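Architecture at a glance
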Amino acid sequence: MSRKKIVAGNWKMNKTPSEAENLVRELIPMVEGADVDVVVCVPFTDICAVSALTKGTNIAVGAQNMHFEESGAYTGEISADMLLELGVKYVVLGHSERRQYFAETCETVNKKAKVALAKGLVPIVCCGESLAERELGVTAELVRSQVKKAFAGISAQDAAKVVIAYEPIWAIGTGKTATAQQANEVCAVIRGVIAELYGQETADVIRIQYGGSMNESNAAELMGQSDIDGGLIGGASLKAGSFAQIVKYKG
Ligand code: PGA
């Protein structure tokens, strides 16, 4: 089976629109012709500029969150339609920083994933354990539960379109990467849950990324694992050269 790899930058709360333009201008020629799907998940305020610049290139634009309601009195929130009109294709949902700092729950992630799919956006659904949870030996249980809750009520046909990002919280922004074996082990657990929920065919096509201090030096080893189909890249996506090297990890 061949799953096309997907490398997505998660810029988090970095880059003003003009800084975003500079970064993307640099990036476009560097990732041209890449054999992976290339995505940049940018702050809402950068979407307009980045969408305009990447039109007709192989770089797709993603958002880092959205609301599950269509419209209405939700001050400070952004809807799927607002993203779609700006050319957004992907949306990161349930990143651990949103769960930790902004009260995102498995339930809201599920609601958002359903709306994203109904609207034609590709959700990048994040899951992953904290250091305490890993040390307690509950990583597999926890990730299984996060995935089951995120996919509740989603059809097999839609599930196959979702990208899952396994991001151990202790590896995010810390410089501590999970070993390729540790990362692959959990990605295999995730694929196993998808097989239980939807059957092997869906499990074989769904793409599972690893995220957490992935960089140009460890990308090839991580993405060379049997169940790792790409990366969600934070820090290293803020420099065009580093991100491009990850995209072109095969050299
Ligand atoms: P990092 O972030 O690459 O800076 O560890 C990854 C993420 O949080 O998506």
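Because the structure is predicted, anything quoted here is derived from the model rather than measured. (Residues numbered from 1 in each chain as written. Predicted model: local features only at pLDDT ≥ 70, side-chain atom pairs only at ≥ 80, totals over all residues. Heavy atoms only, no water.)

**A short note on the overall build of the chain**
Scanning the chain from N- to C-terminus turns up 12 helices and eight strands. In terms of overall dimensions, the chain is globule-like: its C-alpha atoms have a radius of gyration of 17 Å, near the 18 Å expected for 251 residues. The dimensions of the chain, computed from C-alpha atoms along their principal axes, are 45 × 45 × 35 Å. Burial statistics for the chain: of 251 residues in total, 52% are counted as buried. (Helix = DSSP H or I, 4+ residues; strand = E, 2+ residues; numbered from the N terminus. Rg over C-alpha atoms; globule rule 2.2 N^0.38 Å. Buried < 20%, exposed > 50% of the residue type's maximum accessible area, 1.4 Å probe, protein only.)

**As for the environment of Thr108**
Within the fold, Thr108 resides in helix 5 (residues 106–119). Sequence-wise, Thr108 and Ala150 are 42 residues apart; in three dimensions their C-alpha atoms are separated by 8.5 Å. A distance of 3.0 Å separates a polar atom in the side chain of Thr108 from the backbone nitrogen of Thr105. (Polar contact = N/O pair within 3.5 Å; in protein donor to acceptor, adjacent residues only side chain to side chain.)

**Regarding the pairing of strand 8 (residues 230–233)**
With burial as the criterion, each face of strand 8 is covered, one bearing Gly230 and Leu232 and the other bearing Gly231 and Ile233. Alignment of strand 1 (residues 6–10) against strand 8, held across four bridges, turns out to be parallel. Bridging across to strand 8, Val7 finds its partner in Gly231. Sheet topology note: the strand 7 (residues 207–211)/strand 8 ladder contains two bridges and is parallel. Across the sheet, residue Tyr210 finds its bridge partner in strand 8, namely Gly231. (Pairing = 2+ DSSP bridges.)

**Focus on the packing of helix 5 against helix 7 (residues 139–150)**
Relative orientation and spacing of two packed helices are given, respectively, by the angle between their axes and the distance between those axes. Packing of helix 5 against helix 7 leaves a shortest axis separation of 8 Å and a crossing angle of 40°. Comparing the axis directions of helix 5 and helix 7 gives the class oblique. Residues Cys106, Glu107, Val109, Asn110 and Ala113 of helix 5 form the contact with helix 7, whose participating residues are Gln146, Lys149 and Ala150. The residue makeup of the contact of helix 5 with helix 7, split by class, is four nonpolar, two polar and two charged. (Axes fitted to C-alpha atoms, helices over the stretch in contact; angles between N-to-C directions. Parallel < 35°, antiparallel > 145°, perpendicular 65-115°, else oblique. Contact = heavy atoms within 4.5 Å. Nonpolar A, V, L, I, M, F, W, Y, C, P; charged D, E, K, R; others polar.)

**Considering the packing of aromatic side chains**
Summed over the entire model, instances satisfying the criterion amount to three aromatic pairs. Ring centres of Tyr101 and Phe102 lie 6.3 Å apart, and the angle between their planes is 85°; on these two criteria the pair is classed as edge-to-face. Given the relative accessible area of 55%, Tyr101 is considered exposed. The exposed category is assigned to Phe102, whose relative accessible area is 52%. Arranged with centres 6.1 Å apart and planes meeting at 65°, the rings of Phe151 and Tyr198 form a pair that is edge-to-face. Taken together, the positions of Phe151 in the loop between helix 7 and helix 8 (156–159) and Tyr198 in helix 9 (residues 180–198) put the pair 47 residues apart, joining distant regions of the chain. Per residue, the accessibility class of Phe151 equals that of Tyr198, and both read buried. (Phe/Tyr/Trp six-rings, centres within 6.5 Å; stacked < 30°, edge-to-face > 60°.)

**Looking at the sheet that holds strand 2 (residues 37–41)**
Spatially, 1-2-3-4-5-6-7-8 is the arrangement adopted by the eight strands of the closed barrel, whose pairing is parallel. Adjacent strand axes in the sheet meet at a mean angle of 25° when their direction is disregarded. Running at roughly 145° to strand 6 (residues 163–166), helix 9 makes contact with strand 5 (122–127), strand 6 and strand 7 of the sheet.

**Examining the pairing of strand 4 (residues 90–93)**
Along strand 4, one buried face is formed by Tyr90 and Val92 and the opposite face, lined by Val91 and Leu93, is buried too. Two strands pair when backbone bridges link them, and strand 3 (residues 59–63) and strand 4 are joined in this way by two bridges, in the parallel orientation. Across the sheet, residue Gly62 finds its bridge partner in strand 4, namely Tyr90. Regarding topology, helix 3 (residues 80–85) serves as the crossover connection from strand 3 to the parallel strand 4, and that connection is right-handed. (Right-handed = clockwise from strand over helix to strand, strands pointing away.)

Limitation: the analysis is restricted to geometry and does not speak to function.
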